[in-house]
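These are the residues of each chain, in order.
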Amino acid sequence: MERRRVGTSGLRVSELGLGTMTWGRDTDEIDAAEQVRDFLDAGGTLLDTAASYADGDAERVIGTLLSGKVARSELVLATKAGIRSEARPDGPGRVVDASRGGLLDSLDESLARMGTDHVDLFLVACPDPNTSLEETAGALRIAVTSGRARYVGLSNHPGWATARAATLLEPDVGLAAVELEYSLLQRGAERDVLPAADALGVGLLAWSPLGRGVLTGKYRRAIPADSRAAGALAGFVQPYLEGSASAVVEAVATAAEGLGRTPGEVAVAWLLERDGLASAILGARTPAQLRSSLQAATLELPYEVHAALDDVSAPDLGYPERW
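Residues numbered from 1 in each chain as written. Predicted model: local features only at pLDDT ≥ 70, side-chain atom pairs only at ≥ 80, totals over all residues. Heavy atoms only, no water.

Q: What is the right way to read helix 11 (residues 303-313) from this model?
A: Given 3.6 residues per turn, any residue in an α-helix points the same way as the ones three and four places further on. Of the residues making up helix 11, those classed as buried are Val 305, His 306, Leu 309 and Ser 313. Seen from one end, helix 11 has its buried residues packed into an arc of 100°, which puts them on one side. Turned more than 90 degrees away from the buried face of helix 11 sit Tyr 303, Glu 304 and Asp 311, all of them exposed. (Buried < 20%, exposed > 50% of the residue type's maximum accessible area, 1.4 Å probe, protein only. Helix = DSSP H or I, 4+ residues; strand = E, 2+ residues; numbered from the N terminus. Arc of directions from axis to C-beta.)

Listed below in structure tokens is the structure:
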């Protein structure tokens, strides 16, 4: 598997990353360990998690693996902070908190759960309307200068925030990465985040490269009873089961049939060829799902196929026809 530089930073990651959103909830420790073994055997290095995944249980699973099954040096470990659970009268809820105290407390708790003294990449999970970007950037600077994180970045932030944070963190720390959703079904990042990242030397980590699972083609005929769209994550998947998404899914399926590969491999292979991409983060519930997705690293799409997928999925960036 290819190793790629994250922007202009010194951080290098595998072109495919391993996401852990299902760990500690739908994926138990045994299956997580098998996923990591397969991922490392394929040449992978980037393990992506977050303090909010399964309320910290994903990081606890990682901590168990690092206690003897996996060497810390084999992984480029990334985690996110800025979203925390909070008890409310009507039940548990989520609170966005990218304040200095919130981020640094969360980072310390993540390090304790994973049993490590540092992460390679520390990301702010989403914008916080109640905290200035100056304070958030200040917390990221402390994370690096204190040795708790080697590099820092933002997740799910707009282009202007990426540019502002990069400015605030220069010249000593720098903004290494942005992590956001990017796939054939979600190309909105091309509007402003990707141009900003490219201009600033910031690398892109793409989450949900399979369009929330829809680009695997498993929803073409019906919704499987054991799938995300049939369970608690139905609202997460539903937007990609409607409208123009079906044309993209059919184009991917047609290309896959012609190439003798799976639709998921074709979708990820398309993404791996996009400019500025450092890593596409694969989220798999089972080891079998991960093994299938890892095959994308062995596929180079013919120019004609890549161009056709570009055309059928081209986003409306909102620019006027005449400037």
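Q: When you look at the sheet that holds strand 12 (residues 277-283) in this model, what are you seeing that I'm missing?
A: Two orientations exist for strands paired in a sheet by backbone hydrogen bonds: parallel and antiparallel. The strand order 3-4-5-8-9-10-11-12 describes a closed barrel built from eight strands, whose pairing is parallel. Mean inter-strand twist for the sheet, computed between neighbouring axes without regard to direction, equals 30°. Relative to strand 4 (residues 46-48), strand 3 (residues 16-19) runs parallel, the two sharing two bridges. When the bridges of strand 4 are listed, Leu 18 appears paired with Leu 47. Along the sheet, helix 3 (residues 100-114) makes contact with strand 5 (76-81) and strand 8 (119-124), crossing strand 8 at roughly 140°. (Pairing = 2+ DSSP bridges. Axes fitted to C-alpha atoms, helices over the stretch in contact; angles between N-to-C directions. Contact = heavy atoms within 4.5 Å.)

Q: Which parts of the structure should I look at to understand the pattern of salt bridges?
A: A side chain with one charge may pair with a side chain of the opposite charge, provided their charged atoms come close. Applying the stated rule across the entire model yields 21 salt bridges. A salt bridge links Glu 181 to Arg 212, with the shortest nitrogen-to-oxygen separation between them at 2.8 Å. Of this pair, Glu 181 sits in strand 10 (residues 177-181) while Arg 212 sits in the loop between strand 11 (203-207) and helix 7 (234-237), placing them 31 residues apart in sequence. One connected set of salt bridges, linked through shared partners, spans Arg 187, Glu 190, Arg 274 and Asp 310. (Salt bridge = Lys/Arg side-chain N within 4 Å of Asp/Glu carboxyl O.)

Q: Explain unusual backbone geometry to me, please; I cannot follow it from the model alone.
A: Among all residues save glycine, negative phi is the norm, and among peptide bonds the norm is trans. Cis geometry marks the peptide bond from Glu 170 to Pro 171; its omega dihedral reads 0°. The phi dihedral of Asp 55 falls on the positive side, at around 55°, and the residue is not glycine. One can find Asp 55 in the loop between strand 4 and helix 2 (57-66). At Ser 208, a position not held by glycine, the phi torsion is positive, near 55°. Within the fold, Ser 208 resides in the loop between strand 11 and helix 7.

The values reported here are purely geometric and, on their own, carry no functional implication.
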